[in-house]
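The primary structure of each chain is shown beneath.
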Amino acid sequence: RLEGFAALLRLGFAKELVVVGGNEKRYEGETPVINRAVTICNMLVHDLMIDESRLQAVASFPNTGGNIAIMKQIATAKKLSGAPGYFCAGVSNHYHLPRISMDMRGCNFDCPLYPAEAFLILEDDQCKQDLVSRLGGGPLAERMVEEIQGIAHKLKGTYSALSK
């Protein structure tokens, strides 16, 4: 996911990435508090050389519902849904998207969701085999990466679902 976030910024799919996340419960009581959003932004800056000015970390409750509530508040405050020239989308690991989608529907929040891995493929189509390996290899991992690549092609505008 982290590398996908970096790729979507490098590719120009977003001017700004708002990272929403809760405090890490397994380190409860630590000082300073370890917040997932802040940690992800720090890794993007220090490990993947993303310009800090393009990132915003926003703390939420430590679960998907808390993240969605904050995302909805941000989208509403920034008037991202429907305002000319502004667009809001959610990006996470491919395996997390079905549940996020269900939770968003339950919160009456509608925005497109994209797998972070699709941006890796858009940036470097040669990374497909690496993704297959990261997903454990084998036929299921290969199929998942093919689906992710299909989404990458849709984002690029080169995919057609119509048969000839």
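Look up a bit, the structure's there.
Because the structure is predicted, anything quoted here is derived from the model rather than measured.

How each quantity is defined
Residues numbered from 1 in each chain as written. Predicted model: local features only at pLDDT ≥ 70, side-chain atom pairs only at ≥ 80, totals over all residues. Heavy atoms only, no water. 1 Å grid on protein atoms, 1.4 Å probe; cavity = no way out; pocket = protein on both sides within 12 Å on 5 of 7 lines; lining within 4 Å. Points joined across faces, edges and corners; volume = space filled by probe spheres on them. Helix = DSSP H or I, 4+ residues; strand = E, 2+ residues; numbered from the N terminus. Polar contact = N/O pair within 3.5 Å; in protein donor to acceptor, adjacent residues only side chain to side chain. Contact = heavy atoms within 4.5 Å.

### Describing the layout of surface pockets
Then, in step 1: By volume, the largest pocket is sized at about 1100 Å³.
Then, in step 2: Taken together, 39 residues line the largest pocket, and the ones lying closest to its centre are Leu17, Val18, Ala89, Gly90 and Val91.
Then, in step 3: Among the elements of the structure, helix H1 (2–10), strand S1 (17–21), helix H2 (36–46), helix H3 (64–77), strand S3 (90–92) and strand S4 (113–115) are those that each provide at least two residues to the lining of the largest pocket.
Then, in step 4: Broken down by element, the lining of the largest pocket gets its largest block of residues, six residues, from H3.

### Focus: the side chain of serine 60
Then, in step 1: Looking at where serine 60 falls in the secondary structure, it is placed in the loop between strand S2 (55–59) and H3.
Then, in step 2: A distance of 2.4 Å separates a polar atom in the side chain of serine 60 from a polar atom in the side chain of asparagine 67.
Then, in step 3: Setting aside its immediate chain neighbours within four residues, serine 60 contacts Val20, Gly21, Gly22, Asn23, Gly66, Asn67 and Ile70.

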